[in-house]
Amino acid sequence: MAAAAQRARNQRLPPEVNRALFVRNLPFNISSDEMYDIFGKYGPIRQIRIGTTKEARGTAYVVYEDIYDAKTACDHLSGFNVANRYLIVLYFNPVRHSKKVSTKEQEEQLSNLQSKYGVDGHQHTKGGK
């Protein structure tokens, strides 16, 4: 068994794998102790953050000490049933969870960049046609 665990630790992990997991579809009334009971089986946990705002209810972030423990937890707990809800466990992706920018703000940023660099925003073909 120890040899298999050592071989698993020597494998190359995909780039999206990291120590932080994003968990969705949690029961709204789940406690921190219950989260530690569920996720702590897979290794030492550095931190758990449970969403409390209206938009973040039913979600949590779980950060493991070791990346291999996080991978094992993600593999085993995706689809795990908690209070008749199936968990969705994903690797945390900071790009996906970055601040949402409105279309109006994006258009303003684009027009500022166009005026800064002297670009009119239209595509021109060679030969002037």
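Above this note sits the structure.
Let me sum up the structure you'll find in this document.

Criteria and cut-off values
Throughout, residues of each chain are indexed from 1 in the direction in which the sequence is written. Only residues with pLDDT of at least 70 get local features here, since the model is predicted, and only at 80 or more are side-chain atom pairs given and counted; chain-wide, interface and lining totals rely on the full set of residues. Side-chain figures throughout are based on the complete set of non-hydrogen atoms in the structure, without hydrogens or water. Put simply, a salt bridge is a Lys or Arg side-chain nitrogen that is within 4 Å of an Asp or Glu carboxyl oxygen. Here a helix means four or more residues in a row that DSSP labels H or I, a strand means two or more in a row labelled E, and each is numbered from the N terminus. When a residue's accessible area, from a 1.4 Å probe over protein chains only, is under 20% of the maximum for its type it is buried; when over 50% it is exposed; and in between it is partly exposed. The criterion for an aromatic pair is that two Phe, Tyr or Trp rings (for Trp, the six-membered ring) have centres within 6.5 Å, with stacked assigned to planes under 30 degrees apart, edge-to-face to planes over 60 apart and tilted to the rest. Only when the NZ of Lys or the CZ of Arg is both within 6 Å of the ring centre and within 35 degrees of the ring normal is a charge said to sit over the ring.

## Some thoughts on the pattern of salt bridges
When their charged atoms lie close together, side chains carrying opposite charge are able to pair.
Reasoning step 1: Evaluated as defined, the whole model comprises 2 salt bridges.
Reasoning step 2: The partner of Glu65 in a salt bridge is Arg46, and the shortest N-O contact between them spans 3.1 Å. Within this pair, whereas Glu65 is found in the loop between β3 (60-64) and α3 (67-77), its partner Arg46 is found in strand β2 (residues 45-50), the two being separated by 19 residues in sequence.
Reasoning step 3: A relative accessible area of 38% places Glu65 in the partly exposed class.

## Some details on the packing of aromatic side chains
Reasoning step 1: If you walk through the whole model with that rule in mind, you get 2 aromatic pairs.
Reasoning step 2: Summarising the aromatic geometry, the rings of Phe22 and Tyr61 are spaced 5.1 Å apart at their centres and angled 45 degrees between planes, so their arrangement reads as tilted. Here Phe22, found in strand β1 (residues 20-24), pairs with Tyr61, found in strand β3; they are 39 residues apart in sequence, far enough to count as distant.
Reasoning step 3: The class of Tyr61 is partly exposed, set by a relative accessible area of 29%.
Reasoning step 4: Through a chain of ring-to-ring contacts, three or more aromatic side chains come together here, namely Phe22, Tyr61 and Phe92.
Reasoning step 5: The ring of Phe28 carries Arg57 above its face, with NZ or CZ at 4.0 Å from the centroid.
Reasoning step 6: The lysine or arginine in question, Arg85, covers the ring of Phe28, its NZ or CZ lying 5.7 Å from the ring centre.

## What about unusual backbone geometry?
Working note: non-glycine residues mostly have negative phi, and peptide bonds are mostly trans.
Reasoning step 1: We note that Asn25 has phi near 65 degrees; this positive angle belongs to a residue other than glycine.
Reasoning step 2: Mapped onto the fold, Asn25 is located in the loop between β1 and α2 (32-39).
Reasoning step 3: Asn25 gets classed as partly exposed once you look at its relative accessible area, which sits at 28%.
Reasoning step 4: Unusually for a residue other than glycine, Asn84 sits at a positive phi of about 60 degrees.
Reasoning step 5: Within the secondary structure, Asn84 sits in the loop between β4 (81-82) and β5 (85-86).

By themselves these figures say nothing about function.
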